[in-house]
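Next come the chains, spelled out residue by residue.
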Amino acid sequence: MPILSIDHVQVAIPAGAEEIARSFYIGILGFREQQKPAAMAGRNSIWFASGPVSLHLGIEAASDFHAATRAHPAFIVDNLDEIVAACQRASFATRPDTPIGDFRRTHVFDPFGNRIELMQRTTP
């Protein structure tokens, strides 16, 4: 039985940092916040979406929080240079990476150290 698609990706953030997370994921990456279903309302998370892409931020106790060093989501974008510039203006780390196939790639880092790969197709 094949896997058909990804429903969502989750990354972790420390407790108490929800507004900082919103400023990055909404203000820089352009996600919009989604209301969680009633059955999930009590869970410590924030849900975002952009088109068909869903991202959940799991909130961990600050003393237990560690950003993943290798695990990361990769998002396809159509405005890579604009997002990278916005990250740099806001003092978020960015790191260009080797192109793969028809994609330019850059890693940006959220306020908590989570790596987010951004990919833009170089040919239409």
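Residues numbered from 1 in each chain as written. Predicted model: local features only at pLDDT ≥ 70, side-chain atom pairs only at ≥ 80, totals over all residues. Heavy atoms only, no water.

1. Brief notes about the layout of surface pockets
Worth spelling out the cut-off: Here a cavity denotes grid points, spaced 1 Å and computed from the protein atoms alone, that fit a 1.4 Å probe unable to get out, and a pocket denotes an open set having protein on both sides within 12 Å along at least 5 of 7 lines; residues with an atom within 4 Å of a point are the lining. Grid points are joined across faces, edges and corners, and a volume is the space filled by probe spheres set on the points. In this count, Pro and Cys sit with the nonpolar residues alongside Ala, Val, Leu, Ile, Met, Phe, Trp and Tyr, while Asp, Glu, Lys and Arg are called charged and the others, Gly among them, polar.
Here the largest pocket is characterised by a volume of approximately 180 Å³. Around the largest pocket, the lining residues are Leu29, Gly30, Phe31, Ser50, Val53, Phe75, Ile76, Val77, Asp78, Asn79, Ile83 and Leu118. Classifying every residue of the lining of the largest pocket gives eight nonpolar, three polar and one charged.

2. Re the side chain of Asn114
Condition: Going along the chain from the N terminus, every DSSP run of H or I of four or more residues is numbered as a helix, and every run of E of two or more is numbered as a strand. We call two N or O atoms a polar contact when they sit within 3.5 Å, provided that within protein one can donate a hydrogen and the other can accept it, with sequence-adjacent residues counted only if both atoms are side-chain atoms. Residue contacts are counted whenever heavy atoms from the two residues lie within 4.5 Å of one another.
Residue placement: Asn114 occurs in the loop between strand 7 (103–109) and strand 8 (115–121). A polar contact of 2.7 Å, which involves the side chain of Asn114, links it to the backbone oxygen of Ala12. The contacts of Asn114, once residues within four sequence positions are left out, are Val11, Ala12, Ile13, Tyr25, Phe65, Ala67, Ala68, Val108 and Phe109.

3. Things to note about helix 2 (residues 80–89)
Which entries qualify depends on this criterion: Burial status follows relative accessibility: with a 1.4 Å probe on protein chains alone, a residue under 20% of its type maximum counts as buried, one over 50% as exposed, and anything between as partly exposed. Our arc is simply the arc of the directions from the helix axis toward the C-beta atoms.
Regarding helix 2, the residues found buried are Leu80, Ile83, Val84, Ala86 and Cys87. Looking straight down helix 2, one finds that the buried residues subtend no more than 160° of arc, so they occupy a single side. For helix 2, exposure combined with an orientation more than 90 degrees from the buried face picks out Asp81, Glu82 and Arg89. Where helix 2 ends, the next residue or the one after it, Ser91, has phi of about 65°, a positive value.

4. Side note on the pattern of salt bridges
To keep it simple, the criterion reads: The salt bridge definition used is simple: a Lys or Arg side-chain nitrogen within 4 Å of an Asp or Glu carboxyl oxygen.
Under the defined criterion, the tally for this structure stands at five salt bridges. In this structure, Glu19 and Arg22 form a salt bridge, with 2.7 Å as the shortest nitrogen-oxygen distance. Residue Glu19 and its partner Arg22 are both found in helix 1 (residues 18–25); the two are separated by three residues, about one turn of the helix. Residue class for Glu19 comes out exposed when judged on its relative accessible area of 56%. In this structure, the salt-bridge partner of Arg105 is Glu117, at a minimum N-O distance of 2.6 Å. Residue Arg105 is found in strand 7, and its partner Glu117 is found in strand 8; the two are separated by 12 residues along the sequence.

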